[in-house]
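# Understanding the architecture of this molecule
Okay, here's what each chain looks like letter by letter:
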Amino acid sequence: MKAIVTGATGFIGLALCRELLQNGYEVTAVIRPDTEKKDKLLDLQKENDSSGRSLQILEIPLNNINSLHTEHHIWADYFFHLAWNGSAGSAREDFEIQHTNIAYTADAVRTAKACGCAKVIGAGSQAEYGVVHGTAVEEKTVPAPFMMYGAAKLAAYQLGAILAKQLQIELVWPRIYSVYGVGENQGTLVNYVLDTLKKGETPELSPCENMWNFLYITDCVRALRILAESEEVQGICHVASKDTRLLKEFVTEMRDIAAPGTALGFGARQADPDRTFWLQPDVGKLDRIGFEAEASFADGVRRMMEKMI
C-alpha cells in the first residue's frame with residue numbers, strides 16, 4: 001500500500017508516517033520547503049530504509065501541491081492531508097491565514113484524485129463544534145465555532161466533501177480531539193503541567209471544571225490508518241478515546257504520577273465560559289470499526305515523564 005502525507009513534520013504527521021511505515025506502507029511525505037523539522041523525517045527514513053524507497057520526502061509548498069501529480073508522478077492508495085497553516089497561537093484567529101487552508105484542502109482533494117487515491121483523510125478538529133455542553137455526535141450536533149481556526153476547518157470539510165463527491169473520491173474527516181504524547185509541541189496543557197511539577201512549582205490553572213478527553217499520539221495515528229483502510233466510515237468521525245471526565249481529574253492524575261502531594265493551582269487563571277471547550281465526544285463510529293485505545297492516560301503520562309528525565 002502507498003500513502004501520501006502532507007504536514008509530515010508535525011506532531012501527528014510524523015507519528016502517522018511512522019505508523020504507516022511500521023504497517024508496510026510506502027510513504028510520500030510532503031513538507032514545506034526549508035522546514036527546520038526535516039531532520040526528524042530523515043531520521044525516520046534511516047530507521048526504515050536508507051535508500052528512501054519506503055519513505056520519500058518531497059519539499060512542496062501547499063500552493064503547489066498538484067505537482068505531486070504533474071511533476072513527480074506520484075501514485076498512492078490514500079492521501080492524508082494534515083498540513084494546516086496557523087494551527088497554534090494567535091494565528092488561529094487570523095482570517096487571512098485560516099482562509100488559505102480552505103483552498104489548500106480543495107487542492108488536496110483534486111490532487112488525491114489525480115494521484116489515483118481511493119480516499120482522502122483530512123484532519124478536522126473538535127474546535128469545529130465550538131462550545132457544546134453534553135455529548136457531541138457527528139451527524140446530530142450542530143457546529144458553532146467561535147474561532148477562525150474552527151470555522152476554517154468546518155468550511156474546509158463542507159466544501160471538500162462536495163468537491164470529493166463531484167470528483168467521485170471518498171473523503172473521511174476525522175474530528176481530532178485532544179492528542180498528547182512524546183513529541184508534542186511545548187506549551188500544551190500536559191507539557192506545561194508535567195514540566196511545572198518537575199521543577200517543584202505549582203501549575204497555574206483554570207478551574208478545570210469542563211469535561212475533557214485525551215488520546216495518546218500512537219493511538220491517534222493508528223485510528224487514522226484504520227479509518228483509511230475501513231470501508232465502513234465516510235464523512236465525519238470523532239477520533240478520541242472512551243475516557244471522558246472532568247479536566248480536573250486528568251490534571252490530578254498527572255500530579256499523582258509526577259509529584260504526589262504537590263499543590264495544584266486550580267482557579268489561578270480565569271476561564272471564559274463562552275470560549276472554554278467541553279470535550280465529550282461520542283466515539284461509536286470508531287468503536288464499530290474495531291478501534292480501541294491501547295494507552296491509558298496514565299500510560300501516556302509515564303511515557304512522557306521518561307523522556308523528560
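Before any of the text, the structure's been laid out above.
These lines cover the structure that appears in this document, whether it is placed above or below. What you see is a predicted model, and the numbers here were worked out from it, not measured in a lab. (Residues numbered from 1 in each chain as written. Predicted model: local features only at pLDDT ≥ 70, side-chain atom pairs only at ≥ 80, totals over all residues. Heavy atoms only, no water.)

Our next topic: the packing of helix α1 (residues 11–22) against helix α2 (residues 38–48). The geometry of a pair of packed helices is captured by two quantities: the angle between their axes and the separation between those axes. Following both chains from N to C, one finds α1 and α2 inclined at 10 degrees, their axes separated by 11 Å at the closest point. In terms of axis orientation, α1 runs roughly parallel to α2. In this structure, α1 uses Leu 14, Cys 17, Arg 18 and Leu 21 to contact α2, whose residues at the interface are Lys 40, Leu 41, Leu 44, Glu 47 and Asn 48. When the residues that make up the contact of α1 with α2 are grouped by side-chain class, the tally is five nonpolar, one polar and three charged. (Axes fitted to C-alpha atoms, helices over the stretch in contact; angles between N-to-C directions. Helix = DSSP H or I, 4+ residues; strand = E, 2+ residues; numbered from the N terminus. Parallel < 35°, antiparallel > 145°, perpendicular 65-115°, else oblique. Contact = heavy atoms within 4.5 Å. Nonpolar A, V, L, I, M, F, W, Y, C, P; charged D, E, K, R; others polar.)

Under the counting rule described, the total for this entry stands at 17 salt bridges. Glu 93 is the partner of Arg 275 in a salt bridge, and the nearest nitrogen-oxygen pair spans 2.7 Å. In this pair, Arg 275 sits in the loop between β13 (265–266) and α9 (284–288) while Glu 93 sits in the loop between β4 (78–81) and α4 (95–114), placing the two residues 182 residues apart along the sequence. Residue Arg 275 is classed as partly exposed on the basis of its relative accessible area, which comes to 39%. With relative accessibility at 36%, the residue Glu 93 sits in the partly exposed group. A single salt-bridge network, built from bridges that share partners, covers Glu 19, Arg 225 and Glu 229. (Salt bridge = Lys/Arg side-chain N within 4 Å of Asp/Glu carboxyl O. Buried < 20%, exposed > 50% of the residue type's maximum accessible area, 1.4 Å probe, protein only.)

This next bit is on the sheet that holds strand β8 (residues 178–180). The mixed open sheet is built from three strands, whose spatial order is β8-β10-β12. Each having just a single partner strand, β8 and β12 (244–246) make up the two edges of the open sheet. On average, adjacent strands in this sheet sit at an angle of 45 degrees to one another, irrespective of strand direction. The pairing of strand β10 (residues 211–216) with β12 spans three bridges and is antiparallel. When the bridges of β12 are listed, Trp 212 appears paired with Arg 245. Contacts between helix α10 (residues 297–308) and the sheet are confined to β8, β10 and β12, with β8 contributing the most and set at about 40 degrees to the helix. (Pairing = 2+ DSSP bridges.)

What follows concerns helix α6 (residues 189–198). What α6 keeps buried is the set Val 190, Asn 191, Val 193, Leu 194, Thr 196 and Leu 197. Buried-residue contacts for α6 involve β8, β9 (204–205), β10, α8 (247–258) and α10.

With five of five residues buried, strand β11 (residues 235–239) is to be regarded as a mostly interior element. Pairing of strand β7 (residues 170–176) with β11 involves five bridges; the strand directions are parallel. What sits directly across from Val 172, in β11, is Gly 235.

Describing an aromatic ring pair means giving the distance of the ring centres and the angle of the ring planes. Within this structure, the stated rule accounts for eleven aromatic pairs. Geometrically, the ring pair formed by Trp 84 and Tyr 149 is edge-to-face, given 6.3 Å between the ring centres and 85 degrees between the ring planes. With a gap of 65 residues between them, Trp 84 in the loop between β4 and α4 and Tyr 149 in helix α5 (residues 148–167) connect regions that are remote in the sequence. The exposure classification of Trp 84 matches that of Tyr 149, with both residues buried. A ring pair is formed by Tyr 180 and Tyr 216, whose centres lie 5.3 Å apart and whose planes are at 75 degrees; its orientation type is edge-to-face. Of this pair, Tyr 180 sits in strand β8 while Tyr 216 is found in strand β10, placing the two residues 36 residues apart along the sequence. Taken individually, Tyr 180 and Tyr 216 each receive the classification buried, so the pair is uniform in this respect. Cluster of aromatic residues (ring-pair linked, three or more members): Tyr 180, Trp 212, Phe 214, Tyr 216, Phe 250 and Phe 297. The ring of Tyr 216 has Arg 303 lying over it, and the distance from NZ or CZ to the ring centre is 4.9 Å. (Phe/Tyr/Trp six-rings, centres within 6.5 Å; stacked < 30°, edge-to-face > 60°. Lys NZ or Arg CZ within 6 Å of the ring centre and 35° of its normal.)

Everything listed here is a matter of geometry and, on its own, says nothing about what the molecule does.
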